[in-house]
Structures are given as C-alpha cells and as structure tokens.
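# Descriptive analysis of the structure
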Amino acid sequence: MGAGLRRKLIVGNWKMNGSRQTVRELLGVIGARSKALGCEVAICPPFVYLDLCDVVLSATGIKLGAQDLSEHANGARTGDVSAAMLTDFRCRYVLLGHSERRASHGECDEAVARKALQAITAGLSPIVCVGETWEERQSDSTHDVLSRQIRVVADVLARSGQLMALTVAYEPVWAIGSGVTATADVAQDAHAFIRRCLAGYSASIAQSVRILYGGSMKPENAAALLAMPDIDGGLIGGASLNAQQFLSIADVATALEAVQ
Ligand code: PEP
C-alpha cells in the first residue's frame, strides 16, 4: 500500500476553547461544506461539547473525536472520562499523548500505551501524538525520542494484534502554537522515520498506518506539507478554530486526494 491508498485525514484539535455559541457557529459553517470535502475530517472538541457536536454533526460526514480518555474502564476516577463514554457520544477518534498533556499532566509513554489499548478495545481509533522538544532536536536526539515514544505504544498494540488501529500524529513540540512550522522536508524525514519504526513490527501495517503532521499548520503551508509522501493528513490546533482556515486546509487535502 502506498500514500495514495491512505486517505488524507484532517483533524481539528480545539483544545480548551469555545462556548455553546461558538461551537454552533463554527460547526454550522464547517458542516455546510462537509459534503464537498473529499478527505476525511474529524473535530475533537472539549468533552463538555461532545453532545452538542454530535447533534450538529449528525447530518454531515464529519467525524467526532475526543482529546483524551481514562486508562481505566470505569469506577472511582473523579474527573475522568472512559472510552465507553466516548463511543456513547459516537466518537470515532481520540487524541492521546498530546505534548500539552505529557507536559502538564505528567503522562508517560506507558500511560499513553494503556490508553491506546483502552481506546481500541472500545472501538475508538487512537491518534497518538509524538514529537521532540527544541532542545532534543538541537542535541540530535529527535530519532531517539520518536523511536522510544512509538516503541512503547507499538509494543503494547502489536502484542494484542491491534497495531493496525493506530494513527500517529507527529507534532514537534517547538512547532505547536508557536507559528513556527517544520519545513516539509524536516517533517517528511520524521514521518518516514516513524514509518520505518512501525515497519519493524509489520511492513504491511506500517504502510497502512496514517501519520498526521501537527504544529502550526495553516492554509499557507498545508500544500507543501500534505504533498509529502509520508504525511497523511494534519492535526490542526489554532487554525481549526477558524472555519475558513480549517476548510482551506481540508480543501488542500481534498485536492491532493483527487490527484493520487
Ligand atoms: C496541536 O496542539 O495539536 C496543534 C497542532 O496546535 P497548532 O496547530 O496551534 O500548532
């Protein structure tokens, strides 16, 4: 399987932004254009807006995702949200191991791996975020960091025969919310390296796993990034809060789908 058989996926990560009013406004515009999009599109709102998003998106082809889940199935876990609760709201995707959660909630690779297994067991597709800090890039340890982050998750999923359910998001920490984007060549190098790591488990699964790029993706840089052979879509933060910018990125992905 080559890049042409991995359908482009554009995911909006709203982080901790929005209100009931802005959710309705944003999704009203995005939903109205959804039928014209030839790529797959998903939105990951804060938990509290999942129900509203589910209702507003039900007549569109846009999928729903969450920004995290508990590594536990249920029980005395105040404040946590389980994988089963997310499928109850028809979530298809869940972001896991975002660098903001790794940094401010102390999430380690092992916890991310346990969450990925919980997600898959409940029928969700985990989008596991990996990426190096600026200091790690400067000290030439980007590949070491990526291989460790991928290995811990892939070991657990491969042991359970679930590696094919994985989606990866390469998000260099220095590019997130900074306005600084990795060049297409820098991102392609990291994506190809991640695919080689996955090929150590299964060559055919490595070819089918989608690897998204995240980090200040905007309409202006989306075409160069999304045209790279190992970049299968985008995880969009800031630009996903602007309907026109988000749709412009989805249009770029749609155009690339048409030529592949
Ligand atoms: C993100 O946080 O997942 C992200 C990619 O953010 P931004 O696009 O704002 O850099």
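Structure first, text after, so check above.
Residues numbered from 1 in each chain as written. Predicted model: local features only at pLDDT ≥ 70, side-chain atom pairs only at ≥ 80, totals over all residues. Heavy atoms only, no water.

### Observations regarding the sheet that holds strand β6 (residues 167-170)
The pairing of strands in a sheet happens through backbone hydrogen bonds and is either parallel or antiparallel. The strand order around the closed barrel built from eight strands is β1-β2-β3-β4-β5-β6-β7-β8, with neighbouring strands paired in parallel fashion. When the angles between neighbouring strand axes are averaged without regard to direction, this sheet yields 25°. Docked against the sheet, helix α5 (residues 109-122) engages β4 (93-96) and β5 (125-130), running at close to 160° with respect to β5. (Pairing = 2+ DSSP bridges. Helix = DSSP H or I, 4+ residues; strand = E, 2+ residues; numbered from the N terminus. Axes fitted to C-alpha atoms, helices over the stretch in contact; angles between N-to-C directions. Contact = heavy atoms within 4.5 Å.)

### Some remarks on the pattern of salt bridges
Under the counting rule described, the total for this entry stands at 16 salt bridges. Where Arg102 meets Asp109, a salt bridge forms, and the shortest distance between an N and an O atom there is 2.6 Å. Here Arg102 and Asp109 have matching classes, each one buried. We note a salt bridge from Glu107 to Lys115, for which the minimum N-O separation is 2.8 Å. By relative accessible area, Glu107 is classed as buried at 10%. Its relative accessible area of 7% is what places Lys115 among the buried residues. Salt bridges sharing partners connect three or more residues here, namely Arg6, Arg195, Asp230 and Asp232. (Salt bridge = Lys/Arg side-chain N within 4 Å of Asp/Glu carboxyl O. Buried < 20%, exposed > 50% of the residue type's maximum accessible area, 1.4 Å probe, protein only.)

### Remarks on the environment of Gln245
As for its position among the elements, Gln245 is in helix α11 (residues 243-259). When the C-alpha atoms of Gln245 and Val168 are compared, they prove to be 23 Å apart, with 77 residues separating the residues in sequence.

### Observations regarding the layout of surface pockets
Taken as a whole, the largest pocket spans an internal volume of roughly 520 Å³. Around the largest pocket sit 23 residues that line it, and Phe47, Gln67, Asp68, Arg101 and His105 are the ones nearest its centre. The set of elements that each furnish at least two residues to the lining of the largest pocket consists of α4 (99-104) and α5. Tallying contributions element by element places α4 first for the lining of the largest pocket, with three residues. When the residues that make up the lining of the largest pocket are grouped by side-chain class, the tally is seven nonpolar, eight polar and eight charged. (1 Å grid on protein atoms, 1.4 Å probe; cavity = no way out; pocket = protein on both sides within 12 Å on 5 of 7 lines; lining within 4 Å. Points joined across faces, edges and corners; volume = space filled by probe spheres on them. Nonpolar A, V, L, I, M, F, W, Y, C, P; charged D, E, K, R; others polar.)

### Regarding α11
Here α11 contains 17 residues, and its C-alpha end-to-end distance of 25 Å stays within 8% of the 24 Å for a straight helix at 1.5 Å per residue. Along α11, the residues classified as buried are Ala243, Phe246, Leu247, Ile249, Ala250, Val252, Ala253, Thr254, Leu256 and Glu257. Buried-residue contacts for α11 involve β1 (9-13), α1 (20-33), β2 (40-44), α10 (219-226) and β8 (233-236). A distance of 3.0 Å separates the backbone nitrogen of Gln244 from a side-chain oxygen at the start of α11, and that oxygen is part of Asn242. (Expected span 1.5 Å × (residues − 1). Polar contact = N/O pair within 3.5 Å; in protein donor to acceptor, adjacent residues only side chain to side chain.)

### Some thoughts on α5
The periodicity of an α-helix, 3.6 residues per turn, causes residues three or four positions apart to be oriented the same way. For α5, which comprises 14 residues, the first-to-last C-alpha distance of 20 Å matches the rise-based estimate of 20 Å (1.5 Å per residue) to within 8%. The set of residues buried in α5 consists of Asp109, Ala111, Val112, Ala113, Lys115, Ala116, Ala119 and Ile120. Looking at the buried side of α5, the elements it contacts are α3 (83-88), β4, α4, β5 and α7 (142-159). Taken from the residues just after α5, Gly123 is the one with a positive phi, measuring 95°.

### A few points about unusual backbone geometry
With the exception of glycine, most residues fall at negative phi, and the peptide bonds are largely trans. In this structure, Lys15 is a non-glycine residue whose phi angle is positive, near 50°. By the secondary structure assignment, Lys15 is in the loop between β1 and α1.

### A short note on the nonpolar core
Counting residues in hydrophobic clusters, the biggest one holds 75 residues, and the most contacted among them are Leu86, Val168, Ile194, Leu198, Tyr213 and Leu226. Among the elements that line this core, the one with the most residues is α11, at eight residues. Discounting chain neighbours no more than four positions away, the residues touching Tyr213 are Tyr170, Pro172, Ala175, Thr181, Ala182, Ala187, His191, Leu225, Ile231, Gly233, Gly234 and Leu235. Of all hydrophobic cores here, the second largest spans eleven residues; its members include Leu9, Leu95, Ile127 and Cys129. (Core = buried A, V, L, I, M, F, W, Y, C linked by side-chain atoms within 4.5 Å.)

### Concerning the environment of Val173
Note that Val173 resides in the loop between β6 and α8 (184-199). On a C-alpha basis, the gap between Val173 and Leu52 in space is 30 Å, while along the polypeptide they are 121 residues apart. In contact with Val173, other than residues within four places in its own chain, are Ser99, Gly131, Glu132 and Thr133.

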